[in-house]
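What the coordinates show
Chain by chain, the residues run as shown.
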Amino acid sequence: MRPLDTIGFAMHSLGSNRVRTLLMLLAMSIGVASVVLLTGIGNGARLYIVDQFASLGTNLVIVIPGRTETASNTPATLVGETPRDLTLGDARALMRGDTVRRLTPVNIGELSIAWRGKERQVPLIGSTSQILEIHHLTMERGVFLPDEDMEIARPVCVIGAKVYRELFGTQNALGEMVRLGGFRCRVIGILGSEGRSLGLDTEELVIVPVAFAQMLLNTEGLFRILIEAKDLDVLDRLKKHISSTIAKRHYGEEDVTIITQDSVLATFDKIFRVLTLTVAGIAGISLVVAGILIMNVMLMAVAQRTAEIGLCKALGASQLQIMLLVVTEALLLSTIGGLIGMTLGFAGSWLVVQFYPTLQTTPPPWAIAAALGTALGTGFIFSLLPARRAARLDPIQALAKH
Amino acid sequence: MIELREVSRIFNVGGQEVRAMDRISLTIELGEYLSIMGPSGSGKSTLLNILGLLDTPNSGTYLLEGINVTSLSDNQLAATRSRKIGFIFQFFHLIPRLTAQQNIELPLLLAGVPSKERQARSTRLIEAFGLAARSNHRPDELSGGQRQRVAIARAVINEPAVLLADEPTGNLDRHSGAEIVELMEGLNSKGLTLVVVTHDPEIGRRARRQVRVVDGQIAADSLRGASHAAP
Ligand SMILES: Nc1ncnc2c1ncn2[C@@H]1O[C@H](COP(=O)(O)OP(=O)(O)O)[C@@H](O)[C@H]1O
Ligand SMILES: [Mg+2]
């Protein structure tokens, strides 16, 4: 029998029993649709998380003073000696590395800011012009901190949108002198209202040059140093560069902690991949259920068509041909059901995106392949039993069953 | 062309042996017209099924065109059925969802004949069998006689060596039955070997050679006119 004739014959037999065919198509397509949709949602959630981390900068390395690893039971920590401060000198030394793209020292504190009798407490960040890029900050008006040596304590500040509103209302702030703690300082810019920096709402921030912040907060030390690697591949070299530079400057002590985001991100990525797989697996069960349904219905169909199968054998059909006919029917059902299911799944994903635009629910290619593969696989496997039963029918008895 | 040597077919029914064929020897020449008669349950259908390779003997030898078919595999048997044997049944056994023409083409479809050739060959038979007006009808839209004509067309479309008919008129009225027999006799006159199982003596007597089966054995094997007992 020619392949096209086999398909045609199977199609004809499917078409002659519409209810049965529609039922099986429905089961198959629901299975495939749920795999496609659920993996799409899982994948969307993963991408969302990854994206959130990426906005923090995945190749960002944070250096904070003091060791936090429990393993470092050095005499110093046992005695309770406070670790050496990170200083602007350390920051400057760390800048000399070919793995560093951007670097900024950061200080953090709380201060009062006042203008024409209005005063309020604000979180203060001391940093350099680099933090604008590193933390993806935006400017609403004016300019950010000048790109100059980090040791220059220029008395200027950039204020958050809310700070501006509360002090100035709608009046012009640029060029105005405000009082920050005990010092006077000139407002040179207003931050855009988007985003957070160091866990702080940018609307409420005041940012000043780091050396000026040290003056204001009366400290020599730094809260942390943010370093952006040239790219992800040099992250390890960058970490070595940091350890060795600090060790050299701190008399052999590596008394800093280096935090990278990639390890955290990798963990989340893994968790969500497993989650997506799990969800896909659960959806896959419905495919197997569909497969069992196909098997039952095909068994019924074989029983119903005993005479027809017996006749085909009497007319010279081999066992293989009979099996092929039954399997082809099942494969046709699962292919068509799979394609309908994919369409439904994609339509569902599209709908989800309409309601939750942040969730990019594109089903991953492997899920599509897996869903279709499972559909075809279950169609094939679960049709083998009915096919074998059909192939082994004794033509005489089959024909006698009138 | 067909030679059975001491062929037996034994069924086991509830622990009891039923000898549906008891050491039957029978030779059929190319182009012969043979009828098989006998009481119900005497083993006529069993004999025909063995001849048509639908069933295999428990013992004995069956030579078809000189080839020992008792040792063929299942697939070889199917292929031989497809090429050499045409079958007609009492209950027609047409596929209800297929049209007359599609039913006739079924053996060619199974044998992998391309659709153009299938159509050409089935159209020729449809015209020869007077079914032209019915070729696109389904079996339930055909009369009994027409259904059996479709079945005969299906049986001979592969140009088999032998046409085996098991009670072909059993489900037809006298008139249609006669028509069917005449159609088969016409094919026989063109060289097709014809074996008809029937319990209708009127039809059985028309064959040139008449075999009588009783209790799984050949009780009589006579040519029309003459009469002699089985060896
Ligand atoms: N598949 C079978 N299983 C058991 N017994 C059978 C089977 N086929 C035929 N027989 C028995 O074999 C004998 C001959 O049957 P059959 O050839 O159909 O007779 P006929 O066609 O002459 O009426 C009967 O006794 C019948 O019951
Ligand atoms: Mg019978």
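Please refer to the structure placed before this passage.
Residues numbered from 1 in each chain as written. Chains lettered and ligands numbered in written order. Predicted model: local features only at pLDDT ≥ 70, side-chain atom pairs only at ≥ 80, totals over all residues. Heavy atoms only, no water.

Here we take up the overall build of chain B. Helix and strand counts for chain B come out as seven helices and 10 strands. Looking at the 231 residues of chain B, the share that counts as buried comes to 55%. (Helix = DSSP H or I, 4+ residues; strand = E, 2+ residues; numbered from the N terminus. Buried < 20%, exposed > 50% of the residue type's maximum accessible area, 1.4 Å probe, protein only.)

Quick look at the interface of chain B and chain A now. Of the residues lining the interface, 25 residues belong to chain B; the matching set on chain A comes to 24 residues. Where chain B abuts chain A, roughly 2300 Å² becomes buried across the two surfaces, and 64% of that area is made up of carbon and sulfur atoms. Its largest share of buried area at the contact with chain A, chain B owes to His93, Arg97 and Leu110 of chain B, together 32% of the area lost on that side. At the junction of chain B and chain A, the tally comes to two salt bridges. At the boundary of chain B and chain A, one finds eight residue pairs in polar contact (both at pLDDT 80 or more). Of all the secondary-structure elements, those providing two or more residues to the side of chain B that touches chain A are helix 2 (74-84) and helix 3 (100-111) of chain B. Counting residues per element, the side of chain B that touches chain A draws most heavily on helix 3 of chain B, which supplies six residues. Within the side of chain B that touches chain A, the residues separate by chemical class into 13 nonpolar, six polar and six charged. (Contact = heavy atoms within 4.5 Å. Buried area = accessible area lost by both parts, 1.4 Å probe. Salt bridge = Lys/Arg side-chain N within 4 Å of Asp/Glu carboxyl O. Polar contact = N/O pair within 3.5 Å; in protein donor to acceptor, adjacent residues only side chain to side chain. Nonpolar A, V, L, I, M, F, W, Y, C, P; charged D, E, K, R; others polar.)

Near ligand 1 lie 13 residues; those nearest to it are Gly41, Gly43, Lys44, Ser45 and Thr46 of chain B. Flanking ligand 1 are residues from chains A and B. Here an oxygen atom of ligand 1 sits 3.0 Å away from a polar atom, N or O, in the main chain of Gly43 of chain B. Separating an oxygen atom of ligand 1 from a backbone N or O atom of Lys44 of chain B is a distance of 2.9 Å. Against a free-state accessible area of 560 Å², the protein chains account for coverage of 64% of ligand 1. Tallying contributions element by element places helix 1 (residues 44-51) of chain B first for the shell around ligand 1, with three residues. (Near = heavy atom within 4 Å. Areas by Shrake-Rupley, 256 points an atom, 1.4 Å probe, with all protein chains shown as cover.)

Turning next to unusual backbone geometry. All names here are of chain B. A positive phi angle, near 45°, is found at Arg23, a position not held by glycine. The partly exposed category is assigned to Arg23, whose relative accessible area is 49%. Phi angles above zero are rare outside glycine, and His93 is one such case at about 55°. Taking relative accessible area as the criterion, His93 reaches 10% and is therefore assigned buried.

Function-wise, these values are silent; they only describe arrangement.
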